[in-house]
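Structure at a glance
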Amino acid sequence: MNKHREALTGYLFIAPLFLGLAVLFLYAFGQNIFLSFNDVGVFGERTFVGLENFRELLQDPVFKRALGNTFFYTGLGVPLIVSISICLAWLLNQKIKGQVFYRTAIFIPAITLPAAIGLLWRWLYNSQYGLINFLLAKVGIEPRAWISDPDIVRWSILIVLVWASVSYMVIILLAGLQRISSVYYDAAQIDGANTRQIFFKITLPLLSPTIFFVTIVSMIGTLQIFDLIFLMIRADTVAYQYANSLVTYFYEAAFGLNLRGYGAAISVVSLILIFLITYVQFRLQKRWVHYD
Amino acid sequence: MTKLKKYWIHVTLVLISIIFVGPFLWMFLTSLKTYEETIQVPMIWLPDEIQWVNYQIVNEKFPFLTLYFNTVVVVIATVFLQLLIASLAAFAFARLAFPGKNLLFLTFLGLLMVPGQIFLIPHFQIIGVQLNLIDTLTALVIPNIFSVFGVFLLRQFFAAIPQELEDAAKIDGCSSLRIYWQIMMPLVTPGLVALGILTMINSWKELLWPLIVNQSIEKMTLSAGLANLIGEHTTYHEQVMAGAVISVLPMVIIFAFFQRKFVESIAQTGIKG
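Overview of the structure. (Residues numbered from 1 in each chain as written. Chains lettered and ligands numbered in written order. Predicted model: local features only at pLDDT ≥ 70, side-chain atom pairs only at ≥ 80, totals over all residues.)

1. A closer look at the overall build of chain B
Scanning chain B for helices and strands turns up 15 helices and zero strands. Relative to a compact globule of 273 residues, whose C-alpha radius of gyration would be 19 Å, chain B shows 24 Å and is clearly more extended. When its C-alpha atoms are laid out on the principal axes, chain B stretches across 75 × 65 × 35 Å. Looking at chain B as a whole, 41% of its 273 residues are labelled buried. Considering only residue pairs separated by 6 or more positions, chain B has 75% of its internal contacts joining residues 24 or more positions apart. (Helix = DSSP H or I, 4+ residues; strand = E, 2+ residues; numbered from the N terminus. Rg over C-alpha atoms; globule rule 2.2 N^0.38 Å. Buried ≥ 20, exposed ≤ 12 C-beta atoms within 10 Å, placed from the backbone. Contact = placed C-beta atoms within 7 Å.)

Dropping the structure here:
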């Protein structure tokens, strides 16, 4: 096959993907940036306003809270998700019976619809008849209004976020652990290393590429938290204002209030944040991630 | 490992399993109670008499059959089209030479880093308004069939096939299309299965876009439809939990059958490519 024909064939094979990505993602990306500099009416009529949307955002108390909350979910969520997942994956990787059973049990939240998780946890959190307050009462802890008290609503969301995310991340980390060759463990054992030394000196460094991957994935996921907040807390309550995130505010602005330009500006700010944080992570990884 | 150590590992894992599965058992138990039993103080664990009727009631109030039908249609169409489009491109990126290949691939990879909400307003304009697809199942499928991640994943599988196989086929006069479809596709089946399962899970759970583009309940998937249930009928805890069970059970059953495949697919995503 000559070169020209091969090139033509190549273009034909990528044509469907290219067209789709070009229109729905590259063009859409540009359009969204463009919209963020505009006021967009309900019927799509636009007026160019320059940086006005961004200036408004900086003075918008709801946006500031959404930003703070998002940092709260990511800042606490990622370390919790990653460290708990590592511990669980390590436990699952021990040579014990029933591994498949435990793994299946832990994985169930990961295949459950967000709406079902929302319904379930609203019921668990119910202040009068919920299971959680009932169990806490048994150990002498006062009942709380988990999803309507502005002071604790973020924590309640965080708990469910960690619960649901760990479920997925454990599977990735367990696979990472199983790829570590037993040669390393054998050698360490011959040298008389104890469990703790093996975990910190061998398991963690060799698992670090997978840990890095899981960190990035959960970071991007938590920075975009929407489902759980939207599903667990009624939008017309005070608590909602204390739990909202960048994406719930984006949804509210762009599709609830039909402020498309303002919504686009919120999404652009989120994009910049995600880029910055991911960039920092990639810079930092050189210090702690070991590739063989 | 000593017996005592094993014992403690089991105890810990059982407790952890309870944290993950316990809520679902509570969901199921609540769905079998009467309303009075759900609000009884002090709380009771088991219903006096099992109330299967809750499932009948919630099924009459809420169009589960339609929602399930829509979900199945959307998931199957998304998976099928995404696999086709991604495998065509992955084949080209892995096995064909053409000018601009690396630049295109890098541009596509860049898209992976962009958060999804950036595209939602433009998607609503393009798919909803310009293509006039508001309140259709097609609108739910379109944005998800062009998967950069899918190309990225499948490309590794196509690249791993020995060159001799391709050469032999070329000598026999096979066209690129036949090499792709008849020779390589069967060999990359593990990759296709992995991508198919991941796409299925994502499409099944997707919430934000369906909420935006479809407003009538007849055109909703279970994910968005059930979110509406939260707004409307939340008074009767036992009925809401019965609805939740109906939405959870089928996927859990599918998972139980294909457990190993699910786990392998997710494991694929963590391999540094």
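Don't stop here, the text continues.
2. A word on the interface of chain A and chain B
Facing 70 residues of chain A, the contacting portion of chain B comprises 72 residues. In terms of residues, the side of chain A that touches chain B owes the most to one element, helix H1 (residues 3–35) of chain A, which gives 19 residues. In the side of chain A that touches chain B, the residues fall into 49 nonpolar, 17 polar and four charged. (Nonpolar A, V, L, I, M, F, W, Y, C, P; charged D, E, K, R; others polar.)

3. What to know about the nonpolar core
Counting residues in hydrophobic clusters, the biggest one holds 157 residues, and the most contacted among them are Val170 of chain A together with Ala89 of chain B. The greatest single-element share of this core, amounting to 16 residues, is contributed by helix H7 (residues 153–178) of chain A. A domain-level breakdown of this core finds at least three residues from each of domain 1 (1–30) and domain 2 (36–288) of chain A. (Core = buried A, V, L, I, M, F, W, Y, C linked by C-beta atoms within 7 Å. Domains from an automatic or database assignment.)

4. Remarks on the environment of cysteine 174 of chain B
Residue and element names in this part refer to chain B. Mapped onto the fold, cysteine 174 is located in the loop between helix H9 (163–171) and helix H10 (176–187). Residue cysteine 174 is classed as partly exposed on the basis of its C-beta count, with 16 C-beta atoms lying within 10 Å. Every residue in contact with cysteine 174, bar those within four places of it in the chain, is listed here: Ala169 and Ile179.

5. Description of the packing of helix H4 (residues 64–95) of chain B against helix H8 (residues 148–159) of chain B
Helix-helix packing is characterised by the crossing angle of the two axes and by the distance between the axes. Residues and elements named next belong to chain B. Their axes nearest at 8 Å, the elements H4 and H8 cross at an angle of 50 degrees. It follows that H4 is oblique to H8 by the angle criterion. Handedness of the H4/H8 crossing: right-handed. Contacts between H4 and H8 involve Gln82, Ala86, Ser87, Ala89, Ala90, Phe91, Phe93, Ala94 and Arg95 from the first element and Gly150, Val151, Leu154, Arg155, Phe158 and Ala159 from the second. Partitioned by chemical class, the residues of the contact of H4 with H8 number ten nonpolar, three polar and two charged. (Axes fitted to C-alpha atoms, helices over the stretch in contact; angles between N-to-C directions. Parallel < 35°, antiparallel > 145°, perpendicular 65-115°, else oblique. Left-handed = near helix turned anticlockwise from the far one by under 90°.)

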